[in-house]
Amino acid sequence: MAKITVREAISQALWEEMEADPKVFIIGEEVGVWGGTYAVTKGFYDHFGPKRVKDTPIAEAAIVGGAIGAALTGLRPVAELMTINFAFSAMEHIVNEAAKLHYMFNGQFVLPLVIRTVGGGGRQLGATHSQTPDAIFAHFPGLKVVAPGSAADAKGLLKAAIRSDDPVMFIEHATLYQLRGEVPEGDYLIPIGKSVIQRPGKHVTIVTYSKMLDISQKAADQLAADGVEAEIVDLRTLRPLDMEPILESVKKTNRVVIVEEGWKSFGVGAEVASRIYEEAFDDLDAPIQRVAQLEVPLPYNQNLEQLALPKPEWVVRAVHEVL
Amino acid sequence: MEKQDYLELYRQMVVIRRLEEKSAELYQQGKIGGFLHLYIGQEAVSTGLISTRRPEDRVITAYRDHGVAINCGIPAREVMAELLGKATGVAGGRGGSMHMADVNRNFWGGHAIVGAHLPIAAGLAIGDQYQETGGVTICMFGDGATNIGYFHEAINLSKVWHLPVLWVCENNLYGMGTAVNRASAVSSIQQKARGFGIPHSKVDGMDLIKVREAAQNAIDLVRGGNGPYFLEISTYRFRGHSMGDPERYRKPDEVQKWQENDPICIYGEYLVNTSMASRDELNEIETQAEEEIKEAVEFAEQSPEPAPDSLFDHIYVE
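Residues numbered from 1 in each chain as written. Chains lettered and ligands numbered in written order. Predicted model: local features only at pLDDT ≥ 70, side-chain atom pairs only at ≥ 80, totals over all residues. Heavy atoms only, no water.

### Quick word on helix α2 (residues 43–50) of chain B
Among the eight residues that make up α2 of chain B, eight are buried, leaving the element largely enclosed by the rest of the structure. Among the residues of α2 of chain B, those classed as buried are E43, A44, V45, S46, T47, G48, L49 and I50 of chain B. (Buried < 20%, exposed > 50% of the residue type's maximum accessible area, 1.4 Å probe, protein only. Helix = DSSP H or I, 4+ residues; strand = E, 2+ residues; numbered from the N terminus.)

The structure is reproduced here in structure tokens:
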């Protein structure tokens, strides 16, 4: 199996789906001539041409709204929002249009739409460019929200998202693009809406996703040195949320730590913890611990920024709390 | 157009008028819920405009959409059933007054967030351009929508990408209760198109024949591959913004002055004066329209409610 970066995995998924289906096209800021600000679509413009790799004005409502309209005509647009922070400028079209139209018009409108975007902090971009607001988008019925943490999942989930007839918010992480991982060759798909055990263990369940999968793996390595075997469940999809592997794992470990990069308040961890309390309270031997970003807009200064972001040590500490 | 086509447009206008009057009545009886925005006074706009479209042309509009639905060929009974929230409604009772749509008739809604459907309209046009369907997207919106960001993003994109879209601003002089000159930097809405290098014109929306001519000219230009066109249609709503409008922002004599320019009367006069129709023929159409609305109400009232177990249907395709 080839070891490739998350960037290459996403790029391959896009390329393969565009080669396979002439209805798939890319629309976004700097996706064409520039090659993508994260170089994901490098070479696409020369190969597929301006019709299928559309450089837009800096106008997020037009990007998402335009993609919605094009999807309604039977095309399969992959809209790119340069960062998830810019998604707020298209909030109306993501949550009030894309998430609603199929339902509101009684199934008449079909939106095979993917919104690819990038979140995450840790790059000294300041408060407006460093957020992880994934939970906000997962709040809305009608949207599917996917956030892979590995190269294989990035490729398989993006291909599934492009083939899905539902609007999918596909959230990448800015500091994961260089991460390498094994990705099966060929037409590799991962179903949307399936959590998965990424690392087996028996003493504690760590529930996480996206960049925090990497952080949790590092924590698990440290814990393993102390004889603690952590089982890591990767959500991969936030909506629809698949609790099955989590509940199975909790039955075995009876202890849970949830790790997310976004703020703790009203976040992914809050939702997952609530569901565990509702559905598996009797399996728990300790209160659930949550690891999350400190409740502060991320500052520019590197030292200050790093103080606010979850790191493996925090996860280790949280695991010791529940053991 | 043949004589029967002219009469058909008269029929559509009268059906819309009767439908809206009846809707107001049913709203006051509590049979229609939510918000209700009537199209009374503006019938010539969408009737004239949509009479110029071909089947491959898409129509998309804002929340004042009952008339547009009728012009797109949706039977009055399906509109009425939607207003009553019934399963037989054009959106199965899920959409309501502001969210009518019928994909099979190329009517793409019925959108209730001011200006938000303009980027979607641009997207429909992207789809037609990409697939070379030859279709034009007709996007209707109010004067109020021209002050929100979505308008500017969509209009700009349409020009940059040379999209086959006809932008139609129905200027009824008020965005809810705020007069155009209190909300828009320029009172001449079409001037905004000039800033984007988009050809534009303005027409009297109380006169169906003038609307038709202007719309035909505009839609031909767009279909001819000339990129977007901007048509401002001046009109007036005879009723409030919605049913809950205290109408403190305009004086009764202003409303009365406009009501003297009733678009249905103007078009009726035109048909009689050009010997296209006799008074009797028009009266006959009006009687039929009343009958149609009566039947629509019966149909809607007798139709079933959506089944409770359908609540979760259509959130996702898969």
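### Examining the sheet that holds strand β10 (residues 204–208) of chain A
Two modes of strand pairing occur in sheets, parallel and antiparallel, and in both the strands are linked by backbone hydrogen bonds. Residue and element names in this part refer to chain A. Within the open sheet, the five strands sit side by side as β9-β11-β10-β13-β14. Their pairing is mixed. One side of each edge strand has no neighbouring strand; the edge strands of this open sheet are β9 (196–199) and β14 (289–293). Pairs of neighbouring strands in the sheet enclose a mean axial angle of 25°, with direction left out of account. Sheet analysis places β10 next to strand β11 (residues 230–234), joined by five bridges and oriented parallel. Looking across to β11, one finds that V204 is bridged to A230. (Pairing = 2+ DSSP bridges. Axes fitted to C-alpha atoms, helices over the stretch in contact; angles between N-to-C directions.)

### Focus: the environment of M100 of chain B
Mapped onto the secondary structure, M100 of chain B falls in the loop between α4 (76–83) and β2 (107–110). Once residues within four sequence positions are removed from consideration, M100 of chain B is found in contact with F105 of chain A together with D65, H66, A69, V79, E82, L83, V90, F107, G109 and G110 of chain B. (Contact = heavy atoms within 4.5 Å.)

### Here we look at the environment of Q256 of chain B
Residue and element names in this part refer to chain B. On the secondary structure map, Q256 appears in helix α10 (residues 252–259). Overall, Q256 belongs to the partly exposed group, its relative accessible area being 46%. Along the chain, Q256 and D102 lie 154 residues apart, while their C-alpha atoms are 35 Å from each other.

### Digging into the nonpolar core
In this structure, I94, V272 and I276 of chain A together with W167 and F230 of chain B are the most contacted members of the largest nonpolar core, which totals 84 residues. Split by domain, the residues of this core number at least three in each of domain 1 (2–183) and domain 2 (196–322) of chain A. When residues no more than four places from it in sequence are discounted, the contact partners of I94 of chain A are V64, L81, A87, A99, I115, F137, L143 and M169 of chain A. (Core = buried A, V, L, I, M, F, W, Y, C linked by side-chain atoms within 4.5 Å. Domains from an automatic or database assignment.)

### Observations regarding the environment of R212 of chain B
Residue and element names in this part refer to chain B. Following the sequence through the fold, R212 ends up in helix α9 (residues 208–223). Residues R212 and A44, spaced 168 residues apart in sequence, show a C-alpha to C-alpha distance of 9.0 Å. Not counting chain neighbours up to four residues away, the residues in contact with R212 comprise M1, L9, G48, S51 and T52. Looking at R212, its side chain comes within polar contact range of the side chain of S51, at 2.9 Å. (Polar contact = N/O pair within 3.5 Å; in protein donor to acceptor, adjacent residues only side chain to side chain.)

### Quick word on the packing of helix α5 (residues 117–131) of chain B against helix α6 (residues 149–160) of chain B
Packed helix pairs are specified by the crossing angle of their axes together with the interaxial distance, meaning the distance between the axes. Residue and element names in this part refer to chain B. Following both chains from N to C, one finds α5 and α6 inclined at 20°, their axes separated by 8 Å at the closest point. As judged from the angle between their axes, α5 and α6 are roughly parallel. As for how α5 packs across α6, the hand of that crossing is left-handed. Contacts from L118, P119, A122 and I126 of α5 reach α6 at Y150, F151, A154 and L157. For the contact of α5 with α6, the class distribution of residues is eight nonpolar, no polar and no charged. (Parallel < 35°, antiparallel > 145°, perpendicular 65-115°, else oblique. Left-handed = near helix turned anticlockwise from the far one by under 90°. Nonpolar A, V, L, I, M, F, W, Y, C, P; charged D, E, K, R; others polar.)

### Remarks on the sheet that holds strand β12 (residues 237–239) of chain A
Residue and element names in this part refer to chain A. Strand order in the open sheet formed by seven strands is β3-β2-β4-β5-β7-β6-β12, with mixed pairing between adjacent strands. Each end of this open sheet is capped by a strand with a single partner; those strands are β3 (53–55) and β12. Each strand of the sheet is rotated relative to its neighbour by a mean of 20°, with strand direction disregarded. Relative to strand β5 (residues 114–119), strand β4 (residues 76–81) runs parallel, the two sharing four bridges. Among the inter-strand pairings, E80 is bridged to a residue of β5, identified as R116. Where helix α1 (residues 6–20) meets the sheet, its contacts fall on β2 (24–28), β3, β4, β5 and β7 (168–173), and the angle it forms with β2 comes to roughly 130°.

### Some points on empty space enclosed by the protein
Residue and element names in this part refer to chain A. Overall, the coordinates contain three cavities of 30 Å³ or more when judged by the stated rule. Of the voids in this model, the largest cavity is the one considered here, and its volume is about 40 Å³. Lining the largest cavity, in full, are V6, I10, P148, G149, S150, A154, E172, H173 and L176. Among the residues forming the lining of the largest cavity, the class breakdown is five nonpolar, three polar and one charged. (1 Å grid on protein atoms, 1.4 Å probe; cavity = no way out; pocket = protein on both sides within 12 Å on 5 of 7 lines; lining within 4 Å. Points joined across faces, edges and corners; volume = space filled by probe spheres on them.)

### As for the interface of chain B and chain A
The interface of chain B with chain A comprises 37 residues on the first partner and 47 residues on the second. A combined buried area of about 3,600 Å² lies between chain B and chain A, and 63% of that area is made up of carbon and sulfur atoms. Considering only the side of chain B, the residues that lose the most area to chain A are Y130, H314 and Y316 of chain B, jointly responsible for 21% of the buried surface there. Seen at the junction of chain B and chain A, the total is zero salt bridges. Between the two partners, chain B and chain A, sit 22 residue pairs in polar contact (both at pLDDT 80 or more). At the level of elements, β2, α5 and α6 of chain B are the ones that each hand at least two residues to the side of chain B that touches chain A. Of the residues belonging to the side of chain B that touches chain A, the class tally is 20 nonpolar, eleven polar and six charged. (Buried area = accessible area lost by both parts, 1.4 Å probe. Salt bridge = Lys/Arg side-chain N within 4 Å of Asp/Glu carboxyl O.)

### Focus on the packing of aromatic side chains
A full pass over the atoms with the stated rule returns 16 aromatic pairs over all chains. Judged by centre distance (4.9 Å) and plane angle (65°), the rings of W15 of chain A and F48 of chain A are edge-to-face. Taken together, the positions of W15 of chain A in helix α1 and F48 of chain A in helix α2 (residues 44–48) put the pair 33 residues apart, joining distant regions of the chain. The class for W15 of chain A is partly exposed, based on a relative accessible area of 27%. Members of the aromatic cluster, each reached through a chain of ring pairs, are F141, F151, W167 and F230 of chain B. The cationic tip of K54 of chain A hangs over the ring face of W161 of chain B; the distance from NZ or CZ to the ring centre is 5.3 Å. When the ring centre of F299 of chain B is taken as origin, the NZ or CZ atom of R77 of chain B, which lies over that ring, is 4.0 Å away. (Phe/Tyr/Trp six-rings, centres within 6.5 Å; stacked < 30°, edge-to-face > 60°. Lys NZ or Arg CZ within 6 Å of the ring centre and 35° of its normal.)

### Quick notes on the state of the cysteines
Residue and element names in this part refer to chain B. Within this structure, the stated rule accounts for zero disulfides over all chains. C72 takes part in no disulfide bond, and the closest cysteine sulfur to it belongs to C139, at a distance of 12 Å. Take C72: its relative accessible area is 6%, and that puts it in the buried class. Here C139 is not disulfide-linked; the sulfur of C169 is the nearest cysteine sulfur, at 10 Å. (Disulfide = S-S within 2.5 Å.)

### Here's the deal with unusual backbone geometry
In the segment running from R239 of chain A into P240 of chain A, the intervening peptide bond is cis, with an omega of -5°. With respect to the helices and strands, P240 of chain A occurs in the loop between β12 and α9 (244–253). Unlike most non-glycine residues, E247 of chain B shows phi in positive territory, near 55°. Its location among the elements puts E247 of chain B in the loop between β8 (229–234) and α10. Judged by its relative accessible area of 28%, E247 of chain B is partly exposed.

### Some points on the pairing of β14 of chain A
Residue and element names in this part refer to chain A. In this sheet, β14 lies alongside strand β13 (residues 256–263) in parallel orientation, the contact comprising four bridges. Note that in β14 the partner of W263 across the bridge is Q293. Taken together, β13, helix α10 (residues 268–280) and β14 constitute a β-α-β crossover, and its handedness is right-handed. (Right-handed = clockwise from strand over helix to strand, strands pointing away.)

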